[in-house]
Amino acid sequence: MMLLETVDMTLAEPQGPRFYRRQVADAAYLKIRYENMPWENAGAGARDLLEKLASRPDRRDPWLTNVQYSMATTAIGLDAALLLHDVGADQAMTDAPLDLGRAVILTEGNQRFFDLMRGLIAQSDAQRSARFDRLMGRQIASVLLDQDETFRLQLAEDAEAAGFYRLAVAVLATVEDTAPMEALISRHSKDALWGPVSEGILDDGVLWPLISLRVTSGYDIFDKAVVYNPDGAFQGFREAYEDERYNVNHSVRSSITVQNAMHYPGLVTLLTNSGSPHHLNVHFFREMQAGFESGQINMRANSDAVWLHAWDILRSGLTREEYLHFYPDDQKYIEVLRMTAEPDAREWTTQLEEILSSMQAPPVLGHFLQGEGSFVDLFDWVQARAISVDYLNGNGEMPVVRPEGISAGFDWELWTATAQQIAGGQEEGAEMPLAQAKIYAEQLLLNQDVSAALDFIEGYAPEPDRETRLWKAAFLRDLARRLDLACDAVLRDVPVPHSSFGVYTFPDMSAH
């Protein structure tokens, strides 16, 4: 299995201090899950693998702890897991709150988890107590989205009974029927449900639970909550809630969450932090959401699809009339963009490239982004891949002239020359320049020859410099994620307002 070969190569390599922070943990987790490795197995189980990796001096991946705590709790229970790792519950929940919290809930039940958290909140120092309290909301609800609705309704009921109202709100926000949420609102005061506004309603009290966890009817519930608890302090949040830009933005985030949250940080960065594209937000969000709803974008089938669709939307720009509809008083940007009835496509694309070239794309989105890769680099590579895949698989021809939409900074000549070498069966040696090595390895994948790509990575630059070593590691990480996505997709990324985090989950291990 090529995925297991990929992770074995990762685990065999020594890692430096600047190594990707989850590389080793992800690889170990994938190996355990795809080999169906038991916790104990006469020295060859998951426990031994994880302890061996954690004890190596060249391993600097703190996320291994998350894998250890989650699997140990699932396999032998929380108390035994804490004893095994010689750690207190407060430290364990600080190190791996979501992985461990989910494991406790699924292994030992809701009440056990609530008793644990109630004790930690009461007994910890002020800083940890506040952190544990904030955990009991959207964050825990997010890592249980894969459980069925019956389970989530029971969790919300138990959370309310235990006094964890924000968690009950967040969990009920994932349920399609709004009646349980309305009933919860009717049973408690504003202060009991949401807490003081200063504690961060936007993150954990009202808005984020109701809209970031997929339920569009959350808007109606929020309106009822405001009516039920009329308070001027809520007015700003209500206005944000009714803002069309905000509304469509979070619909898109929700669709990304459901399909593949690995892409979430990159797309959210693109949508919200990119300067001039911000002025296209509503148009962009609406078109992106239409792509998800129509099935045009399916990241499980083709993870490039979302970026190709995003690029097409961004390049199209807005007409003056469309812009004024959303920003009627924003004359400044109309003057900056020199908008006419129809925007000049070439001029707009040039401005767009300048903006996106200054924005670093998350390296997790592709090995070619290792280092200082920008969103222009990302769009260049996904377009080049889409254009070349048929040719590399024996169909069609390779364009000689640079295709429209690929920036001048992308070495199209090198890309086409390398593709012709691969199509002609010409093998390359281990001494090619790094820029070509990235292209060569990528095109082997487009040629559906994963084995050849791994052989190339293993043999390329036997004594690599730092930049080459980091790229080879990034390639293995990228490939492992792609292969996992094409198989069981056990690597889970859970979104938070401006980023995402990985959660390591294990099935019931009682059979082991």
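Residues numbered from 1 in each chain as written. Predicted model: local features only at pLDDT ≥ 70, side-chain atom pairs only at ≥ 80, totals over all residues. Heavy atoms only, no water.

**Remarks on the overall build of the protein chain**
Scanning the protein chain for helices and strands turns up 30 helices and two strands. Counting only residues that meet the buried cut, the protein chain has 56% of its 512 residues in that class. Nonlocal contacts in the protein chain, meaning residues at least 24 apart in sequence, comprise 66% of its contacts between residues at least 6 apart. Summed over its atoms, the accessible surface of the protein chain is roughly 22000 Å², and 48% of this surface lies on carbon and sulfur atoms. (Helix = DSSP H or I, 4+ residues; strand = E, 2+ residues; numbered from the N terminus. Buried < 20%, exposed > 50% of the residue type's maximum accessible area, 1.4 Å probe, protein only. Contact = heavy atoms within 4.5 Å. Areas by Shrake-Rupley, 256 points an atom, 1.4 Å probe, with all protein chains shown as cover.)

**So, empty space enclosed by the protein**
For the structure on display, the rule yields three cavities of 30 Å³ or more. The computed volume of the largest cavity comes to approximately 70 Å³. Around the largest cavity sit Val7, Thr10, Arg22, Gln23, Asp26, Ala27, Leu30, Leu476, Arg477, Ala480, Arg481 and Leu491, which together line it. When contributions to the lining of the largest cavity are tallied by element, the ones reaching two or more residues are helix H1 (2-12), helix H2 (23-34) and helix H30 (466-486). Considered class by class, the residues forming the lining of the largest cavity number six nonpolar, two polar and four charged. (1 Å grid on protein atoms, 1.4 Å probe; cavity = no way out; pocket = protein on both sides within 12 Å on 5 of 7 lines; lining within 4 Å. Points joined across faces, edges and corners; volume = space filled by probe spheres on them. Nonpolar A, V, L, I, M, F, W, Y, C, P; charged D, E, K, R; others polar.)

**Section: the nonpolar core**
Counting 85 residues, the largest nonpolar core has Ile32, Leu356, Trp415, Phe456 and Trp471 as the members making the most contacts within it. The greatest single-element share of this core, amounting to nine residues, is contributed by helix H26 (residues 375-392). Among the nonpolar cores identified, the runner-up in size contains 41 residues, and Val87, Met136, Ala162 and Ala168 belong to it. (Core = buried A, V, L, I, M, F, W, Y, C linked by side-chain atoms within 4.5 Å.)

**Structural notes on the environment of Ile32**
Of note, Ile32 is situated in helix H2. Put simply, Ile32 and Val67 are 35 residues apart on the chain and 9.9 Å apart in space, counted from C-alpha to C-alpha. Sequence-distant contacts of Ile32, defined by excluding residues within four places in its chain, comprise Met37, Ala46, Leu49, Leu50, Val67, Met71 and Phe506.

**Looking at a negative patch on the surface**
Together, Glu13, Asp449, Asp455 and Glu458 give the surface a local cluster of negative charge. Given the relative accessible area of 30%, Asp449 is considered partly exposed. (Patch = residues over 30% accessible without salt bridge, like charges linked within 9 Å, V, L, I, M, F, W, Y side chains within 5 Å. Salt bridge = Lys/Arg side-chain N within 4 Å of Asp/Glu carboxyl O. Lys, Arg positive; Asp, Glu negative; His and termini not counted. Charge placed at Lys NZ, Arg CZ, Asp CG, Glu CD.)

**Details of the packing of aromatic side chains**
Applying the stated criterion across every chain, the model contains 17 aromatic pairs. Ring geometry for Phe114 and Phe164: centres 5.5 Å apart, planes at 35 degrees, overall tilted. Here Phe114 is found in helix H8 (residues 110-123), whereas its partner Phe164 is found in the loop between helix H11 (149-161) and helix H12 (165-172), with 50 residues between them in sequence. Judged by centre distance (4.8 Å) and plane angle (25 degrees), the rings of Trp311 and Phe379 are stacked. Separated by 68 residues along the polypeptide, Trp311 in helix H22 (residues 305-316) and Phe379 in helix H26 bring together distant segments of the chain. Look at Trp311 and you get buried, because its relative accessible area is 4%. (Phe/Tyr/Trp six-rings, centres within 6.5 Å; stacked < 30°, edge-to-face > 60°.)

**Observations concerning helix H13 (residues 179-187)**
Along H13, the residues classified as buried are Met181, Leu184 and Ile185. Seen from one end, H13 has its buried residues packed into an arc of 100 degrees, which puts them on one side. (Arc of directions from axis to C-beta.)

**Some words on the confidence of the model for the protein chain**
Averaged over every residue, the pLDDT of the protein chain is 77; the share at 70 or more is 69%. Predicted confidence for residues 197-249 stays below pLDDT 50, and this span has 115 contacts to residues more than four positions away or in other chains. Long-range and interchain partners of residues 274-279, a stretch whose pLDDT sits below 50, account for 17 contacts in this model, where long-range means more than four residues apart. (pLDDT = per-residue confidence, 0-100.)

**Some points on unusual backbone geometry**
The phi torsion of most residues other than glycine is negative, and most of the peptide bonds are trans. Positioned with a positive phi, Asn36 is a non-glycine residue whose angle comes to about 50 degrees. Note on placement: Asn36 falls in the loop between H2 and helix H3 (46-55). Of note, Gln448 is a non-glycine position whose phi angle comes to about 60 degrees, a positive value. Tracing the backbone through its elements, the reader meets Gln448 in the loop between helix H28 (434-446) and helix H29 (450-459).

**Side note on the pattern of salt bridges**
Scanning all chains against the criterion turns up 18 salt bridges. Arg118 is paired through a salt bridge with Asp115; the nearest N and O atoms lie 3.2 Å apart. With Arg118 and Asp115 both in helix H8 and three residues apart, the pair spans about one turn of that helix. According to the relative accessible area criterion, Arg118 is partly exposed, its value standing at 36%. According to the relative accessible area criterion, Asp115 is partly exposed, its value standing at 42%. Between Asp146 and Arg492 there is a salt bridge whose closest N-O contact spans 3.9 Å. Here the residue Asp146 occupies a position in the loop between helix H10 (138-142) and H11, and Arg492 occupies one in strand S1 (residues 492-496), the gap between them amounting to 346 residues. A residue is classified by how much of its surface remains accessible, and Asp146, at 43% relative accessible area, is partly exposed. Exposure remark for Arg492: the relative accessible area of 19% places this residue in the buried category.

**A word on the packing of H1 against H30**
Where H1 meets H30, the closest approach of the two axes is 9 Å, and the angle between their N-to-C directions is 155 degrees. Taken as axis vectors, H1 and H30 run roughly antiparallel relative to one another. As for how H1 packs across H30, the hand of that crossing is left-handed. On H30, the residues that touch Met2, Leu3, Thr6, Val7, Met9 and Thr10 of H1 are Leu476, Leu479, Ala480, Leu483 and Asp484. Broken down by class, the residue content of the contact of H1 with H30 amounts to eight nonpolar, two polar and one charged. (Axes fitted to C-alpha atoms, helices over the stretch in contact; angles between N-to-C directions. Parallel < 35°, antiparallel > 145°, perpendicular 65-115°, else oblique. Left-handed = near helix turned anticlockwise from the far one by under 90°.)

**Overview of the environment of Arg33**
Along the chain, the position of Arg33 falls in helix H2. Exposure remark for Arg33: the relative accessible area of 25% places this residue in the partly exposed category. Put simply, Arg33 and Tyr504 are 471 residues apart on the chain and 10.0 Å apart in space, counted from C-alpha to C-alpha.

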